[in-house]
Amino acid sequence: MFKYKSYAELLKRNCELMYKTKYYELKELAHPQIIRTIGVRNTWRRLDEDCLRDLDTIREEWFKVHKSGIYVNRLDLGIDSRGLRPPNDPDGSFYSTHKNGNTFDLEPVNGKLRELYNFIIELCKSGKLKKINTLENFEDTLRWVHAGYMNTYKNPLVIYL
Ligand SMILES: [Zn+2]
């Protein structure tokens, strides 16, 4: 249980009791239509906590080696469907796990896409990730690395499109 100084502070903390990523703003992780429609707090709540922690782990471990970050959504370029997608999103497949709040398409800032793909596979194998266990075969995506969660004992499960 956390300590609080006043009832007002307790209320505030209760409202904030959710994991928020260290390295990403919400708009980088969720489609603007969702944030606009259900609000910031409810959108954070739709994102899987363990997958958010994994995103921070991936970003942190990658930075240690490359001194460079990882993009998800890039709204300045009109790229808005790499994280949580609306039910009617025209991007990607209708039943995409991107609609579950546990799947993200990652793009390294330094452009080393294949390295990032292999890097995440190694993080999965080493047990450093809490939940992210599924990638799409890199040859099928090329411009991003799809990392998410599915119900499987494989770690990682690689999906061929
Ligand atoms: Zn994807």
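As a reminder, the structure under discussion sits directly above these lines.
What you see is a predicted model; the values in this text were computed from it and never measured.

(A) Representation of the overall build of the protein in the model. Looking only at helices and strands, the protein has seven helices and five strands in total. Scanning the protein from its N terminus toward the C terminus, one meets helices and strands in the order α-α-α-α-α-β-β-α-β-α-β-β. For 161 residues, the compact-globule estimate of 2.2 N^0.38 gives 15 Å, and the protein sits close to it at 16 Å. Along the longest, intermediate and shortest principal axes, the C-alpha atoms of the protein span 55 × 35 × 30 Å. Of all 161 residues assigned to the protein, the portion counted as buried reaches 31%. Considering only contacts in the protein between residues 6 or more positions apart, those separated by 24 or more positions represent 58%.

(B) Unusual backbone geometry, seen in detail. Of note, the bond from Asn 155 into Pro 156 is cis; its omega dihedral lies within 30 degrees of zero at 10°. Structurally, the position occupied by Pro 156 is in the loop between strand S4 (145-148) and strand S5 (157-159). Even without being glycine, Lys 67 reaches a positive phi, approximately 50°. Examined against the element boundaries, Lys 67 turns out to sit in the loop between helix H5 (49-66) and strand S1 (70-71).

(C) Structural context of the sheet that holds strand S3 (residues 134-136). If you trace the five strands from one edge of the open sheet to the other, you get S1-S2-S4-S3-S5, paired in mixed fashion. What marks the edges here is a single partner per strand, and that holds for S1 and S5. Strand direction decides the pairing type here: S3 and S4, joined by two bridges, are antiparallel. What sits directly across from Thr 134, in S4, is Gly 148.

(D) Just the packing of H5 against helix H6 (residues 113-125), in detail. Direction vectors running N to C along H5 and H6 enclose 115°, while the axes themselves pass 11 Å from each other. Considering how the two elements wind past one another, H5 and H6 form a crossing that is right-handed. Contact with H5, carried on its side by Ile 58, Glu 61 and Trp 62, involves Leu 116, Phe 119, Ile 120 and Leu 123 of H6 and no other residues of that element. Here the residues of the contact of H5 with H6 sort into six nonpolar, no polar and one charged.

(E) Structural view of the nonpolar core. With 29 residues, the main nonpolar core has Leu 29, Leu 106, Leu 116, Ile 120, Val 145 and Ala 147 as its most contacted residues. Sorting the residues of this core by element identifies H5, strand S2 (104-108), H6 and S4 as the ones contributing at least two each. If we ignore the near neighbours within four places in the chain, the residues touching Leu 116 are Trp 62, Leu 106, Pro 108 and Val 145.

Rules used in this analysis
- Residues numbered from 1 in each chain as written.
- Predicted model: local features only at pLDDT ≥ 70, side-chain atom pairs only at ≥ 80, totals over all residues.
- Helix = DSSP H or I, 4+ residues; strand = E, 2+ residues; numbered from the N terminus.
- Rg over C-alpha atoms; globule rule 2.2 N^0.38 Å.
- Buried ≥ 20, exposed ≤ 12 C-beta atoms within 10 Å, placed from the backbone.
- Contact = placed C-beta atoms within 7 Å.
- Pairing = 2+ DSSP bridges.
- Axes fitted to C-alpha atoms, helices over the stretch in contact; angles between N-to-C directions.
- Left-handed = near helix turned anticlockwise from the far one by under 90°.
- Nonpolar A, V, L, I, M, F, W, Y, C, P; charged D, E, K, R; others polar.
- Core = buried A, V, L, I, M, F, W, Y, C linked by C-beta atoms within 7 Å.

In short, shape yes, function no, at least from these values alone.
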